[in-house]
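# Structure assessment
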Amino acid sequence: MERSEKLTPALIKAQQEGIDLTQLYERLSWTPTERLKRNYDTAEAFEELKKAGQRHRAGNQH
Amino acid sequence: MLATNIEKLLKALYDQGVEFVIIGGAAAVLHGSAYVTGDLDVCYSREKENLIKLATALAPFKASLRGAPKNLPFRLDADSLKSGLNFTLTTDLGDLDLLGEVAGLGGYADVLSFSEELELFGMRCKVLTLAGLITSKRAVSRAKDLRLLPELEALLEIRRSQNRS
């Protein structure tokens with residue numbers, strides 16, 4: 001972690017749960033609109049991957 | 001595309017003057033969470049005037065009940081909103097969940113007291129606070145909600161430390 005913030009119990013717990021604090025700080029550097037746009041872009045990409053997987057599995061069944 | 005559609009959906013609500021607070025996954029994302037959501041959840045005021053505004057705002061987007069049989073009659077108007085409470089909708093612009101109450105918080109007035117305004121796509125939108133999100137996620141207590149808690153609590157801690165400095 002390249003930041004000066006002290007690791008408080010909540011931050012330590014988050015790290016122990018596998019949360020990457022550097023990514024968290026990066027997202028906080030974005031505006032709320034950027035955060036929302038990137039989320040929906042990611043959700044759309046996940047959906048496309050899911051559909052591609054379904055098409056692939058359907059193709060393998062023939 | 002989805003981001004553009006959600007922007008249009010928010011703009012439709014905003015332009016019609018609908019009283020709503022963004023909640024759920026979108027609120028978590030707005031506060032910096034890595035959670036990924038494909039829909040938009042809002043808590044809405046159940047005042048009659050607001051139900052009319054809400055139905056008017058959504059009218060162009062062919063809202064229907066998500067997952068319901070295609071032959072199940074449903075028309076989104078103030079009366080149908082009045083007769084229900086929580087609606088999971090699909091629209092031409094994406095999935096939209098309308099909640100009259102939020103677990104652990106209560107109705108719109110309670111949720112409003114746990115909201116803050118954020119600038120979104122050039123609009124000032126009310127968003128459930130991190131403290132409100134944490135309270136509601138704890139109350140719902142599903143595995144997927146509980147998994148979010150450490151990150152939300154870390155975000156709250158960072159917010160508090162930034163406010164102190």
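What this report covers is the structure whose coordinates are included nearby. (Residues numbered from 1 in each chain as written. Chains lettered and ligands numbered in written order. Predicted model: local features only at pLDDT ≥ 70, side-chain atom pairs only at ≥ 80, totals over all residues.)

## Things to note about unusual backbone geometry
All names here are of chain B. With a phi angle near 50°, K62 is a residue other than glycine that sits in the positive phi range. Summarising the element assignment, K62 is placed in the loop between α3 (48–58) and β3 (64–65). With 12 C-beta atoms packed within 10 Å, K62 lands in the exposed category. Of note, the phi angle at S141 is positive, near 60°, even though the residue is not glycine. Mapped onto the elements of the fold, S141 is located in the loop between α6 (130–140) and α7 (143–164). (Helix = DSSP H or I, 4+ residues; strand = E, 2+ residues; numbered from the N terminus. Buried ≥ 20, exposed ≤ 12 C-beta atoms within 10 Å, placed from the backbone.)

## Comments concerning the environment of B:D79
Mapping B:D79 onto the fold places it in helix α4 (residues 78–83). Considering only alpha carbons, one finds B:D79 and B:E119, 40 residues apart in sequence, at a separation of 32 Å.

## Quick word on the interface of chain B and chain A
The interface of chain B with chain A comprises 24 residues on the first partner and 25 residues on the second. For the side of chain B that touches chain A, the secondary-structure elements that each account for two or more residues are α1 (2–15), α2 (24–30), β8 (115–120) and α7 of chain B. Ranked by residues supplied to the side of chain B that touches chain A, first place goes to α7(B) with 8 residues. (Contact = placed C-beta atoms within 7 Å.)

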